[in-house]
Amino acid sequence: MDYHFNFTIVWRHAWRLWWGLGLSLQIAAASLGLGMLIGIALAVAYTDGGRVTRTAIAGYVEFIRNTPLLLLIYLVFYGIPSIGGFAYDATTSFIFTLAFYAGAQLVEVFRAGLDAVPPGVVDAGRAIGLTPYRNLIYVRLPTAFRISLPALSNAYVSLFKDTALGSVIAVPELTHGAQWINFNTFRILEVYALLTPIYLLTGWIILAALRLLERRYAIVRAM
Amino acid sequence: MIDAMIYALPFLWDGFLITLAVSGIVVAASLALGLVFGVILAFGPVWIGLPIRVFADTVRAIPLIVLIFTVYYGLPALQVPLSPFWAAVAALAAFKTGHVIEIVRGAITSIHPGQMEAAKSIGLTFLERLVYVVFPQAVRCFLPPWINSVTDSVKGSALVSLVGVVDLMMAIQQVIGRTYQPMPLYILGAMIYIAVNAALSVASRRLEARFAATVAT
């Protein structure tokens, strides 16, 4: 093995990694936020809607779940502008792709959350005279949200990992930064020796922090 | 739109076969390795279980694309000659092995330890205990998450296109490079992936029903 490790060149460009890490975390947060909106809206529509709505939502979920994320990224970034006649930059399109991707998973999460709201609680809401809409906003959604918190933490960490795929359409996130250093300095092993622990540590830290939050706010379903 | 799809189909066939080959090899290799390491993790001593645990947790905690790039760019730097195909397959298989280890361990630990003790008391060897007592019961817990991970492998195989292997994803990109019509091709590609995964989930539902029936007697 004749490989001589030389980290000095990599350190000189390491700002690309830190900057990319920040962008990755932001993309994950933005797409989780948008994905949650999609997820909540569709979960409510699914739970309270008719058969046509349900079939349409199930179709969306199955489409996203059975298609490679890479294909979805290409489809949104190259495909949609080619027929829509408008264009957006890589980061925006990537955030929307991840949002649709997360949304499909979060529909299931929130649907389970809505189903897990104890019927007595909903009845109590009706008994004090809440309209169905207010019952949804003040009783069912907040309860369902707190039940779903652990799944949301997992979704965030998993989205953070998925941001690595942004590198294929040149979103300047963490993996893209690493590839830039790889291609421009040829310090291959050093870059990946740094990149792997960055993903590992960040994932662990986020998950530990979110678990603390959950302990404060989450409702454990097995009450 | 339909014309572009029909025009493209013959060009996608070879790539489609590569996608199937990659998925097949990855599923088979990860199942074999995952079974062995999962059993070791469940029953072995701590000193041998710890590296397995570290491996499984590490590959599951980093993005698959990072693993593929690490193997693809990293091993040649260490003077290990490796074709793009095998580099990508090795990375995918390592990634999937991490998942299968976890599924196997979970399925085994779901079996009451009394089962193992009872089998021991009637004089079965360790291998016999596994094959005749633990596995037939654990398979019910093992199948649903494992089938999920098989569909994941088919989807994950699209990433081999990033290191230049001409799989279905790459074949799609090549046709787009000639026709400049991205949308029909991406939709066609999505339909092919969905068809493969739908076929898999029909097959898996049969498999699950079969095992549920035999064990429940």
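Values in this document were obtained by computation on a predicted structure and should not be read as measured data. (Residues numbered from 1 in each chain as written. Chains lettered and ligands numbered in written order. Predicted model: local features only at pLDDT ≥ 70, side-chain atom pairs only at ≥ 80, totals over all residues.)

## What to know about the overall build of chain B
Formally: Comment: elements are numbered from the N terminus, with helices defined as DSSP H or I runs of at least four residues and strands as E runs of at least two. Our exposure labels follow a C-beta count within 10 Å of each residue's own C-beta, placed from the backbone: buried means 20 or more other C-beta atoms, exposed means 12 or fewer, and partly exposed covers the counts in between. Here the contact rule is simple: place C-beta atoms from the backbone, and any two residues whose C-beta atoms are within 7 Å are in contact.
The helix and strand tally for chain B stands at eight helices and zero strands. Helices (α) and strands (β) of chain B occur, in sequence order from the N terminus, as α-α-α-α-α-α-α-α. Over its C-alpha atoms, taken along the principal directions, chain B stretches across nearly 70 × 45 × 25 Å. When the 217 residues of chain B are sorted by exposure, 36% land in the buried category. Taking the intrachain contacts of chain B between residues at least 6 apart in sequence as the baseline, contacts between residues at least 24 apart amount to 76%.

## Some details on the environment of Ala29 of chain A
With respect to the helices and strands, the residue Ala29 of chain A is situated in helix H2 (residues 15-48). Its 14 C-beta neighbours within 10 Å are what place Ala29 of chain A among the partly exposed residues.

## Comments concerning the interface of chain A and chain B
Cut-off, in case you're wondering: Classification used: nonpolar for Ala, Val, Leu, Ile, Met, Phe, Trp, Tyr, Cys and Pro, charged for Asp, Glu, Lys and Arg, polar for all others including Gly.
On the chain B side, the residues contacting the 29 residues of chain A number 27 residues. Taken together, the residues of the side of chain A that touches chain B sort by class into 19 nonpolar, eight polar and two charged.

## Considerations on helix H7 (residues 132-162) of chain A
Quick note on the threshold: Here a helix's expected span is defined as the number of its residues, less one, multiplied by 1.5 Å. Two axes enter the bend calculation: one fitted to the seven residues ending at the residue in question, the other to the seven starting there, and the bend is the angle between them.
Counted at 1.5 Å a residue, the expected span for H7 of chain A with its 31 residues is 45 Å, but the 38 Å between its end C-alpha atoms falls short. The largest bend along H7 of chain A measures about 55 degrees and falls at Leu149 of chain A, with the proline Pro150 of chain A one to four residues further on.

## Concerning the nonpolar core
The nonpolar side chains of a soluble globular protein tend to be buried with one another. Cut-off, in case you're wondering: Nonpolar cores are built from buried Ala, Val, Leu, Ile, Met, Phe, Trp, Tyr and Cys residues. These are joined into a set through C-beta atoms within 7 Å.
Ranked by internal contacts, the top residues of the largest apolar core, which has 104 residues, are Leu71 of chain A together with Ile68 of chain B. For this core, the element with the highest residue contribution is helix H4 (residues 84-109) of chain B, accounting for 14 residues. If sequence neighbours within four positions are ignored, Ile68 of chain B has contacts with Ala88, Ala91, Leu159, Leu162 and Val163 of chain B.

## A short note on the packing of helix H1 (residues 2-43) of chain B against H4 of chain B
Residue and element names in this part refer to chain B. What counts here: Axis lines are fitted through C-alpha atoms, for helices just across the contact stretch, and the angle between N-to-C directions can take any value from 0 to 180 degrees. An angle below 35 degrees is read as roughly parallel, one above 145 as roughly antiparallel, one from 65 to 115 as roughly perpendicular, and any other as oblique. Helix crossings are classified by the rotation of the near helix relative to the far one: an anticlockwise turn of less than a right angle makes the crossing left-handed, while a clockwise turn makes it right-handed.
One can describe the packing of H1 onto H4 by two numbers: an axis separation of 6 Å at closest approach and a directional angle of 45 degrees. In terms of their interaxial angle, H1 and H4 are classed as oblique. Handedness of the H1/H4 crossing: right-handed. A class-by-class count of the residues in the contact of H1 with H4 yields 18 nonpolar, five polar and two charged.

## Some remarks on the packing of H2 of chain A against helix H8 (residues 174-185) of chain A
The angle between the axes and the distance between the axes are what describe a pair of packed helices. All names here are of chain A. For the pair H2 and H8, interaxial distance at closest approach is 7 Å and the crossing angle is 160 degrees. Here H2 lies roughly antiparallel to H8, going by the angle between them. Two packed elements cross with a definite hand, and for H2 against H8 that hand is right-handed. Residues Arg16, Leu17, Trp19, Gly20, Leu21 and Ser24 of H2 pack against Leu174, His176, Gly177, Ala178, Trp180 and Ile181 of H8. A breakdown of the residues in the contact of H2 with H8 according to their chemical character gives seven nonpolar, four polar and one charged.

## Here's the deal with the confidence of the model for chain B
Residue and element names in this part refer to chain B. Rule in force here: Per-residue confidence from the predictor is reported as pLDDT, a score between 0 and 100.
For chain B, the average pLDDT comes to 91, and 98% of its residues sit at 70 or higher. By mean pLDDT, the top-scoring element of chain B is H4 (95), and the lowest-scoring one is helix H8 (residues 182-215) (87). Overall fold confidence (pTM) sits at 0.90, and the ipTM for the predicted complex is 0.90.

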